[in-house]
Amino acid sequence: MSLAKMQKIRLVGHDTERERVLTTLQELGVVQISDLTTKNEQSLSGFRPKTPPTNEIESKLADLRYALDFLARYDTEKKGFIQGFFNLKELIRPEEIERIARAYDYRALCQRVRDLDQENIALHGERVQLEARRAELLPWRDLPIPVEKLRSTQTTALILGRLPKENLVNLQRAIQNQLADLVLFQRAGEDETTSYFYAFVLKDSEEAFEKMLAEHGGERLPDLPQEAHGLPKEILEQIERRLSELDARHQQLSQQATALLAEKSKLQALYDYLHNEYLKAQAQAQLLGSPHTFVLEGWVRQSDWERLQRALQNNSEAVYLGRIAPDPDEVPPVALENKRLFQPAEFLIKLFGLPNQKELDPTPFVLPFFAIFFGIALTDAGYGLALILIFSYLKRRYSHKRGFQPFANLIILGGISAVIAGALTGGWFGPDLAQAFSALRALVLFDVSTPAGLIAFLLFSFALGFLQVLLGNLLEFYDKARSGRFWEALWHEGSWVVFIVGLGIVAGVSVPAIMPKELHAPGLPASWMPVGIYLTLTGAFLVLFFSRVEFPERVSRQLPWLLAAAGLVLWLGSSLIVWGQVLVGLGIGGALMVTPQSGLSVGARVRSVLGRVGAGLFRLYGATGLLGDVLSYSRIMALGISTGLIADSMNKLALMMLGIPFIGVVLCVALLIGLQIFSLVINSLSAFVHAARLHYVEFFTKFYESGGEAFKPFARESVYYDVEE
């Protein structure tokens, strides 16, 4: 429940040891290196930045990226959905990476890739040109005149054009009537809707002809290519032959590129090696040095301090490692440090934002509620079992993937919760199995097929929401108290906790009374109602008087307010008339004790009292927000019901295939499996998103601020492979 304690370190060593030290730190992955090049400190005034050259590594990485991107176009082997979704990588031994980095000549392969790509680009460019020329010539394919004859002269202009088929006759009539001796018009061909033509027009009449063409819905087409010679049909045949040759050559290049895929794994391993070398060079750029020494500063978990010492002592003797105090304005990075049981929930905290160094780590409180909410939102034991089996297999398959293990454990816990929730509601890949087997029916606690079961399920969801909201306020109380603000927490958060506990008891007792008796709605015993009323009244007056407290640690100044609140609560909650006047006097006496404050005028005293009460009234109005927060938890019940409805509809849709002769059974089984997988995926995603949302919106807003800077140790990074330890 606490964050990892951080220690700032300084490491000084001989310059000959710099490469070895950085390699050791990268393999350990426990030190976050600070950038000293921006630091202005007298104790390091003799040191200067030593920026290592990175151009050569960047050039190699660029060549490898180019080659890998090229080969990816021909790689038909695709990752599975889960492997791609979670970015799960294959495992490689470190000595294998070292061997490839030393012996593999990637330059020849990269040059071969570049040659293939450039030829492909040239072929593509030629194809584009040929297809454009083909498109220009296709309308004229039936012309018996060579293309070179269709050219403008000094006195005539050749016009190629097209127009709607139905307007051709009208255009010919118009030419005959107006431009009979000035235009030689000839139809060249047509398709379903368009007629194509060519016309020789005296240049003085060119503009008039184009206007006439436009009036009949036609348009002038570009002139035929100057380099074209021969009949259009012959040219088109030549183009088709060349396109076939291009296709054949492109197929050959594709086969050659596909053959190079055998080298992809080596390229990827080499890329990972060079990528980590580049990271090492970037880390060197953050150090300072002198002609013979270097200095490094950073952060390490205190739990990793001894491990770091041992690693450096074993690898180098010319290195000094020491602890130093942080700068006055320096904030340590944040790392979550929880017991193994609670580590799966760290994934959710990191998604939202890490806590700052001064606040509470909520991870242990998130895990149980998230698992419960996920299970209720899924509410199907069959889907829960499927998630357990799938992610248990993936855990073993990718046991080397550290980041994946906590997430897999989180989903497995959610699956266990879904099995329980599904068994209690009768959901086993839909409601049909529970209805068919008496043993499964006996487990049902909430029969969601009946109104009573739905109401009980909804109230159970509300109760869980109320408990989590209450926990959020209690955590805010604890967080303030442990940071030295106990009295502020007592007056502010304590009063609100009393108030909402009272409201919860009143609501719990009232539910059976406001629901129809035939529903048998669950609730708290009626004998709890007086306790709930007293707690609600007490909390309300405490909130009213203690929402804004100046100098909360001065308890004596708060006693009159407590006395006034106690008197008002006892008076309003008492049914004994004989005590009524005494209690009224107690409340009035407390109120009178509240007003005097030394050094303040009467007006200032009145404004102080009114301001304090006004702040309390405003906070009491926040009870509507509390109601909204609790009602928001109805979403997990609604999602759980929708899961059953979706699964049931999928089953019925698949069973309809049984009516098809011969292949009906096969179609039914295939469709049933496919639809249930689809239902599992969408409902699991929905359960995850909404369970997380309830934490981020309803729970964290009660006590959590976040804003911590994540601890990012200098370590190996994998792009394509995870290195076996």
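Trainee: Go over the confidence of the model for the protein chain, please, and point to the residues and values.
Mentor: The predicted model of the protein chain averages 83 in pLDDT, with 87% of residues at 70 or higher. Taken as a whole, residues 575-580 scores under 50 in pLDDT and shows one contact with residues more than four places along the chain or in a different chain. Predicted confidence is poor over residues 595-600, with pLDDT under 50, and the contacts of this stretch with residues over four places away or in other chains come to seven contacts.

Trainee: So what's going on with the side chain of Asp380? Which residues, and what values?
Mentor: Tracing the sequence through the fold places Asp380 in the loop between α12 (363-378) and α13 (381-397). As a buried residue without a salt bridge, Asp380 has its nearest oppositely charged side chain in Lys652, at a separation of 14 Å. A polar atom in the side chain of Asp380 sits 3.0 Å from the backbone nitrogen of Tyr383. Within the structure, the side chain of Asp380 is placed 2.8 Å from the backbone nitrogen of Phe429, a separation counted as a polar contact. Setting aside residues no more than four positions away along its own chain, Asp380 makes contact with Ala418, Val419, Gly422, Gly427, Trp428, Phe429, Gly430 and Thr643.

Trainee: Lay out the pattern of salt bridges with the relevant residues and their values.
Mentor: A side chain of one charge can pair with a side chain of the opposite charge if their charged atoms are brought near each other. In total, this model carries 32 salt bridges according to the counting rule given. Glu95 serves as the salt-bridge partner of Arg93, at 3.2 Å between the closest nitrogen and oxygen. Since its relative accessible area comes to 43%, Arg93 is described here as partly exposed. Three or more residues are tied together by salt bridges with common partners; here these are Lys8, Arg10, Glu297 and Glu330.

Trainee: How would you summarise the pairing of strand β6 (residues 156-164) if you had to cite specific residues and measurements?
Mentor: Buried residues dominate β6, accounting for seven of its nine residues. Summarising the sheet, β6 and strand β8 (residues 194-202) pair through nine bridges and their orientation is antiparallel. Paired with Leu158 across the two strands is Phe200, which belongs to β8. Pairing analysis gives three bridges linking β6 to strand β9 (residues 219-221), with the strands arranged antiparallel. In the strand pairing of β9, Arg162 is matched with Glu219.

Trainee: Give me the environment of Phe499: which residues, what numbers.
Mentor: Tracing the backbone shows Phe499 in helix α18 (residues 486-514). A relative accessible area of 7% places Phe499 in the buried class. In the structure, Phe499 is positioned 33 residues away from Gly532 in sequence and 9.3 Å away in space, judged by C-alpha atoms. Contacts of Phe499, omitting those with residues within four sequence positions, involve Leu535, Thr536, Gly539, Ala540, Val543, Leu620 and Ala623.

Trainee: Go over the sheet that holds β6, please, and point to the residues and values.
Mentor: The sheet built from four strands is open, its strands ordered β7-β8-β6-β9 with antiparallel pairing. Each edge of the open sheet is held by one strand with a lone partner, namely β7 (183-190) and β9. For this sheet, the mean angle separating the axes of adjacent strands, direction not counted, is 35°. Relative to β8, β7 runs antiparallel, the two sharing seven bridges. In the sheet register, Leu184 faces β8, and the bridge partner there is Phe200. The strands touched by helix α6 (residues 168-178) are β6, β7 and β8; relative to β7, the strand with the most contacts, the crossing angle is about 170°.

Trainee: I'd love a proper account of the packing of α18 against helix α19 (residues 529-546), names of residues and values included.
Mentor: Contact pair α18 / α19: the axes reach a minimum separation of 7 Å and the direction vectors enclose 150°. Put simply, α18 runs roughly antiparallel to α19. Helix-helix and strand crossings are classified by hand; for α18 and α19 the assignment is left-handed. Within the contact of α18 with α19, the residues separate by chemical class into 16 nonpolar, eight polar and no charged.

Trainee: Quick one: what's the story with unusual backbone geometry, residue by residue and with numbers?
Mentor: Of note in the backbone geometry, Thr379 takes a positive phi value of approximately 50° without being a glycine. Summarising the element assignment, Thr379 is placed in the loop between α12 and α13. With a phi close to 60°, Ser706 is a non-glycine residue in the positive phi region. Looking at where Ser706 falls in the secondary structure, it is placed in the loop between α25 (664-699) and β14 (721-723). Given a relative accessible area of 18%, Ser706 falls into the buried group.

Trainee: I'd like a description of the packing of helix α17 (residues 451-482) against α25, backed by residues and values.
Mentor: For any two helices packed against each other, the geometry comes down to the angle between their axes and how far apart the axes lie. The geometry of α17 relative to α25 is characterised by a closest axis approach of 10 Å and an angle of 50° between their N-to-C directions. The angle between α17 and α25 falls in the class oblique. Here the hand of the crossing between α17 and α25 comes out right-handed. Contact residues: Gln468, Val469, Leu471, Gly472 and Leu475 in α17; Leu694, His695, Glu698 and Phe699 in α25. Its residues assigned to classes, the contact of α17 with α25 comprises five nonpolar, three polar and one charged.

Trainee: Talk me through the packing of aromatic side chains; I want residue IDs and the actual numbers.
Mentor: Scanning the entire structure with this criterion turns up 31 aromatic pairs. An angle of 55° between the planes, with centres 5.2 Å apart, marks the rings of Phe70 and Tyr74 as tilted. Assessed through its relative accessible area of 14%, Tyr74 is described here as buried. Pairing Phe369 with Phe373 gives two aromatic rings, centres 5.8 Å apart and planes at 45°, and the pair type is tilted. With Phe369 and Phe373 both in helix α12, this residue pair falls four residues apart, about one helical turn. Among the residues examined, Phe373 registers a relative accessible area of 0% and is labelled buried. Through successive ring pairs, a cluster of aromatic residues spans Phe347, Phe370, Phe374, Phe391, Phe404, Phe407 and Phe688. Note that Arg114 overlies the ring of Tyr66, its terminal NZ or CZ placed 4.4 Å from the centroid.

Trainee: Outline the nonpolar core, supporting the account with residue identities and numerical values.
Mentor: Counting 68 residues, the largest nonpolar core has Phe370 and Phe391 as the members making the most contacts within it. Within the second largest apolar cluster, 48 residues are counted, among which are Val147, Leu224, Ile239 and Leu267.

About the criteria used
- Residues numbered from 1 in each chain as written.
- Predicted model: local features only at pLDDT ≥ 70, side-chain atom pairs only at ≥ 80, totals over all residues.
- Heavy atoms only, no water.
- pLDDT = per-residue confidence, 0-100.
- Contact = heavy atoms within 4.5 Å.
- Helix = DSSP H or I, 4+ residues; strand = E, 2+ residues; numbered from the N terminus.
- Buried < 20%, exposed > 50% of the residue type's maximum accessible area, 1.4 Å probe, protein only.
- Lys, Arg positive; Asp, Glu negative; His and termini not counted.
- Salt bridge = Lys/Arg side-chain N within 4 Å of Asp/Glu carboxyl O.
- Polar contact = N/O pair within 3.5 Å; in protein donor to acceptor, adjacent residues only side chain to side chain.
- Pairing = 2+ DSSP bridges.
- Axes fitted to C-alpha atoms, helices over the stretch in contact; angles between N-to-C directions.
- Parallel < 35°, antiparallel > 145°, perpendicular 65-115°, else oblique.
- Left-handed = near helix turned anticlockwise from the far one by under 90°.
- Nonpolar A, V, L, I, M, F, W, Y, C, P; charged D, E, K, R; others polar.
- Phe/Tyr/Trp six-rings, centres within 6.5 Å; stacked < 30°, edge-to-face > 60°.
- Lys NZ or Arg CZ within 6 Å of the ring centre and 35° of its normal.
- Core = buried A, V, L, I, M, F, W, Y, C linked by side-chain atoms within 4.5 Å.

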